[in-house]
Each structure stands twice: as structure tokens, then as C-alpha cells.
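This is what each chain is made of:
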Amino acid sequence: MEDKIQRQPDDPRFHSQLGLAYAGLRRKPEALSYGQKAIELLPTSRDAFDPLFFMINLAETFVIFGDYDAAIDQLERLISIPGFVSGPYLRLDPLWTPLRSLPRFQNLMVKT
């Protein structure tokens, strides 16, 4: 991904995926930086579909690092945008298991 970013520095897909890779490597500053860069490169004001995936990836990164409030903040933004993020998605996807006992997350699951 680093090579791809060198060749195509404005492609948010590569930033988002590298952010997740760094999260898996437990490199928090790099993970968050690349995840946020992806969202900056392609905000929802310019594209109604692809940025949702980058936002989900960033929320997942927050979960990986135990920053549950930031993850839920991100999910609240996502659920407010028409798309596939919904209560059933949040209830079923195992990515969100660490959040399920939190009242803020439980409120999200019943919003849609």
C-alpha cells in the first residue's frame, strides 16, 4: 500500500487500507493518520457511496485501539447518512462486538 500511495497519493482507497494494516500492526498514529486522510481525500460531500467504507474502516481502527467513544462517534455519523449502515448491520457484524454492551452503541442499534 505504501508503494501504491507513492504512485497515487490522492487515492483514498489506499490510505484507508493502509490505515487498517497499520492498525493490525498496532501502529496507532499511522493507522489514524491514514484512515483520516482517506476521508479527507473523498468526503461524503463529493461521493455518497465510497466514503462510507473509509468511515467504517476508521471506526474499526478505533475499535482495534479500544477507543470506543471515537468509534461510536464515527458510527453515529455513518448511521445518519442514508446507506447500508443500520441497526441490523451493527447487531450482526462481529466487528462491533466490543461495543455491544455500551449504551451509546445500543442506542444506535435501535435507531434504524
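Residues numbered from 1 in each chain as written. Predicted model: local features only at pLDDT ≥ 70, side-chain atom pairs only at ≥ 80, totals over all residues. Heavy atoms only, no water.

**Examining the overall build of the protein**
Counting its secondary structure elements, the protein contains 7 helices and 0 strands. Each helix and strand of the protein, placed in order from N terminus to C terminus, yields the pattern α-α-α-α-α-α-α. In summary, the protein has a C-alpha radius of gyration of 14 Å against a globular reference of 13 Å for 112 residues, a match within 12%. Taken along the three principal axes of its C-alpha coordinates, the protein extends 45 × 30 × 20 Å. Per-residue burial over the protein gives 43% buried out of 112 residues. (Helix = DSSP H or I, 4+ residues; strand = E, 2+ residues; numbered from the N terminus. Rg over C-alpha atoms; globule rule 2.2 N^0.38 Å. Buried < 20%, exposed > 50% of the residue type's maximum accessible area, 1.4 Å probe, protein only.)

**Focus on unusual backbone geometry**
In this model, Arg26 sits at a positive phi of 65 degrees, which is unusual for a non-glycine residue. Here Arg26 is to be found in the loop between helix H2 (12-24) and helix H3 (28-41).

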